[in-house]
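The chain contents come next:
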Amino acid sequence: MATTAGNLPAPRKQRWWQKYRNQYILFAFVFVLPALINFAVFRYYPMFWAFRTSLWDYSLMRGFTEFVGIDHYVRAFTGDPRFWESMRATLYYVSGKVPLTIILALLLASFANQERRGMGVMRALIFVPVVTSFVVVAIVWGMVLNYNVGLMNAAIQSLGLPRIEFLTSPENVMPTIIGISLWKDVGYSVIIFVAGMRGISQEFYDAATVDGANVWQRFRYVTLPMLRRHLMFVSVISTLGAFQVFVPVYTLASQQRVAQVIVFYIYRLGFIFGEMGYASALSVILLVLLLLLSVVQIRILRSDDV
Amino acid sequence: MTSREDQKLSSISNAPTTADELVRQRAERARREHLRALTRRWTGNILTWILYVVIAVVFASPLIWVIGNSFRSSQTIWENVFPVTLLTFFPFDEFFFDNYIEALGLTPAAQAMGFGMARSLGISLASAITVVVLSLIFNTGAAYFFARLRVPRKNILLIYVITTMMIPQQVIIVPLFLVVNQLGLINTFWALVVPWYASPFIVFALIGFFAELPYELDEAAIVDGANLFQILTRVVVPNSIPGLITVSILEFQFIWNEFFWPLVAVSNKSLHPVQVAIANQFTDRDPQWGRVFAAMVLASAPVIILFLFTQRYFYRSVALSGVKG
């Protein structure tokens, strides 16, 4: 065995490598090229196209009609109260949804993390809304929360309380939509936290117990620090997702001005009113905002590693 | 108990003079300990069961309500909702299947009213399967390149792929529409498929799976005279089946549930996938609840059933994105 190894010296392999090197690399690129083209055409190019379109008046029929420079941006920042309304609605949604997701997911995960009979069923129940489409979830809840014939108001009335206008009153519509999205999305974070909690060695808890830590202290000083990466990931993902909320507003609250979030506003401008140029400008603004946000959050993630 | 502990015990509780009394005291202690442990366990159990019921009510009752009432006519749905009883959720007294037949568009009358879930389900299924197949081919190829091929400076390309993940999909939907429109694909079946044939997330996940395989396998295949393509199909793919199943399920679910893109990309009603079709039904001015319930069951049952049978893979795909991210 040793002698055959000696008969096959490294240089020969090197020679095979060099001889076929160019062919090898060409062949190798065949594997990766289709994916790279997809990303270029359907992900990067639209981004640049958005920049370009945002500087023009653009219509689907006639294409680029008139160069307007930064007029669309000026309009967004100075002459369009609807844009600011939509940004306010989006921020309201984000600031409600993200913290609630994290808190509720941590609570549910600390419970669903235990190994007990029936816990697998509970985890599955919590996760079913995640795999269901948001359209179905939104419509189901739209019907559950219907003022006249919905299940929720029937239950409330059965308890002898007055009915609530969940979706039809401007004060209630945003909290309702946040609640619905929470119900749909929380299972995803729960599974991430459960995975994280499984990775924490029991020894830490034993040590804390010996030191006299109670349940809350064990959670605060063992679980939370050990879940730092998972917490960061969940907050990044849910923040980016929350800024892009569209479906529940489209299906449940398209008539409610207070609920018209930025992506819905962009959709209406572009596809209902045909103002593709202005819609692109708003897309660029949101794009820059989200890119900055994710860069900041990745920075924080990185510094966490040290 | 050892004799030393006995002594300690006797020193704590004053004057256990006789052995008889000592035994009684120990029995008493043990009984109390046992009772306390029992109470603790039972409060734990009861708390757990209360939480079970809360979770089940919060997460399952809307779904059960929808499934149960999809077998009622719209009129009896409203009649049974108040007061809330078991009949609100389960249609013991009625079995009304017309909702499904109408939602699917199987009668001429329903078709005249514009219901064609059967067709929409077909479109959704066809586009999801096409994307899964294409994605298996192209994402696997790309991940194979990054995980196992020796190409200088391929890290630059990897950064290109990872940066793609940062582009928010909902935000670029307007320009994506314009690009796909330029390609002449808007309002065709291919608009639902072509933009998604490769995904940076799936490439990234597959790189993780492929990198776990020992490189000796490839070397053995090279010695046997296999070329790069044969290494991929005969060594890498057969050894990564669980990973490939995970990403396929993820991709299927993504395409099946996708709403925003098909909403803008196909305005032709006969090409609407199932999510767009039910959204249209619901936003009709006077929706027939029974029919909408049936439509929702049809639209979500495939993915939910898929999930119930392959839970492991779903959880893994989540943990994969979370822990390694």
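The structure displayed is predicted, hence computed values, not measured ones.

What counts as what
- The written sequence of each chain sets the order in which its residues are numbered from 1.
- Just so you know, chain letters begin at A and ligand numbers begin at 1, following the order they were written in.
- Where totals are concerned, whole chains, interfaces and linings use all residues; where local detail is concerned, this predicted model gives features only for residues with pLDDT of at least 70, and gives and counts side-chain atom pairs only at 80 or more.
- Secondary structure elements follow DSSP: runs of H or I of four or more residues count as helices, runs of E of two or more count as strands, with numbering from the N terminus.
- Radius of gyration here uses only the C-alpha atoms, and the compact-globule reference equals 2.2 Å multiplied by the residue count raised to the power 0.38.
- Once C-beta atoms are placed from the backbone, each residue is buried if 20 or more other C-beta atoms lie within 10 Å of its own, exposed if 12 or fewer, and partly exposed for counts between those two.
- What counts as a contact here is a pair of residues whose C-beta atoms, placed from the backbone, lie within 7 Å.
- Buried Ala, Val, Leu, Ile, Met, Phe, Trp, Tyr and Cys residues form a nonpolar core when they are connected through C-beta atoms within 7 Å.
- Across the chain, each position has a pLDDT score giving the predictor's confidence in that residue, from 0 to 100.
- Ten residues, namely Ala, Val, Leu, Ile, Met, Phe, Trp, Tyr, Cys and Pro, are considered nonpolar, four, namely Asp, Glu, Lys and Arg, are considered charged, and the remaining ones, Gly among them, are considered polar.
- In this analysis, the expected span of each helix is defined as 1.5 Å times one less than the number of residues it contains.
- The reported bend at a residue is simply the angle between two axes, fitted to the 7 residues ending at it and to the 7 residues beginning with it.
- Per the annotation, domain bounds derive from an automatic or database assignment of domains.
- Axis definition: a line fitted to C-alpha atoms, over the contacting stretch in the case of helices. Angles run 0 to 180 degrees between N-to-C directions.
- Rotating anticlockwise by less than a right angle from the far helix to the near helix defines a left-handed crossing, while the corresponding clockwise rotation defines a right-handed one.

### Focus: the overall build of chain B
Moving on, step 1. Tallying secondary structure elements over chain B gives 17 helices and 0 strands in all.
Moving on, step 2. Computed over C-alpha atoms, the radius of gyration of chain B comes to 30 Å, more than 25% over the 20 Å expected from 2.2 N^0.38 for 325 residues, which places it beyond the range of a compact globule.
Moving on, step 3. Principal axes of the C-alpha set define a box for chain B whose edges measure 100 × 70 × 35 Å.
Moving on, step 4. Taking all 325 residues of chain B together, 38% fall into the buried category.
Moving on, step 5. Counting contacts in chain B only where the partners sit at least 6 residues apart, residues at least 24 apart contribute 70% of the total.

### What to know about the overall build of chain A
Moving on, step 1. When its secondary structure is counted, chain A shows 15 helices and 2 strands.
Moving on, step 2. When its C-alpha atoms are laid out on the principal axes, chain A stretches across 90 × 70 × 35 Å.
Moving on, step 3. Burial statistics for chain A: of 306 residues in total, 40% are counted as buried.
Moving on, step 4. Within chain A, counting contacts between residues at least 6 apart in sequence, those at least 24 apart form 69% of the total.

### Notes on the nonpolar core
Moving on, step 1. Counting residues in each nonpolar core, the largest one holds 164 residues, and the members touching the most others are A:Ile139, A:Val190, A:Leu282, B:Ala142, B:Val203, B:Ile278 and B:Met296.
Moving on, step 2. With 12 residues, the top contributor of residues to this core is helix H9 (residues 170-198) of chain A.

### Concerning helix H7 (residues 134-144) of chain A
Moving on, step 1. Most of H7(A) sits out of view: 11 of its 11 residues are buried.
Moving on, step 2. Those residues of H7(A) that fall on the buried side of the exposure criterion are A:Phe134, A:Val135, A:Val136, A:Val137, A:Ala138, A:Ile139, A:Val140, A:Trp141, A:Gly142, A:Met143 and A:Val144.

### What to know about the confidence of the model for chain A
Interpretation of this model should avoid reading the predicted coordinates in detail wherever pLDDT is low.
Moving on, step 1. On average, chain A scores 85 in pLDDT, and the residues at 70 or more come to 92%.
Moving on, step 2. Segment residues 1-6 of chain A: pLDDT under 50, and 0 contacts once partners within four positions in sequence are set aside and those in other chains are kept.

### As for the interface of chain B and chain A
Moving on, step 1. Of the residues lining the interface, 71 residues belong to chain B; the matching set on chain A comes to 70 residues.
Moving on, step 2. Top element by residues in the side of chain B that touches chain A is helix H2 (residues 19-69) of chain B. It accounts for 11 residues.
Moving on, step 3. A per-class count over the side of chain B that touches chain A returns 58 nonpolar, 13 polar and no charged.

### Let's talk about H2(B)
Moving on, step 1. Along its 51 residues, H2(B) runs 71 Å from first to last C-alpha, staying within 8% of the 75 Å computed at 1.5 Å per residue.
Moving on, step 2. Where H2(B) bends most, at B:Ala60, the angle is about 50 degrees, and the proline B:Pro62 comes one to four residues later.
Moving on, step 3. By the burial criterion, the buried members of H2(B) are B:Phe59, B:Pro62, B:Leu63, B:Trp65, B:Val66 and B:Asn69.
Moving on, step 4. Buried residues in H2(B) make contact with helix H6 (119-131), H7 and helix H8 (151-158) of chain A together with helix H3 (74-81), helix H4 (86-89) and helix H16 (289-309) of chain B.

### What to know about the domain arrangement of chain A
Residue and element names in this part refer to chain A.
Moving on, step 1. Once the domains are mapped, chain A shows domain 1 (11-67) and domain 2 (81-305).
Moving on, step 2. Taking only C-alpha atoms, the centre of domain 1 and the centre of domain 2 are 35 Å apart.
Moving on, step 3. Between domain 1 and domain 2, the contact holds 10 residues from the first and 8 residues from the second.
Moving on, step 4. If you list the elements that add at least two residues to the side of domain 1 that touches domain 2, you get helix H3 (21-53) and strand E1 (56-59).
Moving on, step 5. Split into classes, the residues belonging to the side of domain 1 that touches domain 2 amount to 6 nonpolar, 3 polar and 1 charged.

### So, the packing of H6(A) against H2(B)
Helix-helix packing: each pair is described by the crossing angle between the helix axes and the interaxial distance.
Moving on, step 1. For the pair H6(A) and H2(B), the least separation of the axes is 10 Å and the interaxial angle reads 35 degrees. The two elements H6(A) and H2(B) cross, and the hand of that crossing is left-handed. Between H6(A) and H2(B), the residues in contact are A:Met122, A:Leu125, A:Ile126, A:Val128 and A:Pro129 and B:Tyr52, B:Ile55, B:Ala56, B:Phe59, B:Ala60 and B:Leu63, respectively.
Moving on, step 2. The residue makeup of the contact of H6(A) with H2(B), split by class, is 11 nonpolar, no polar and no charged.

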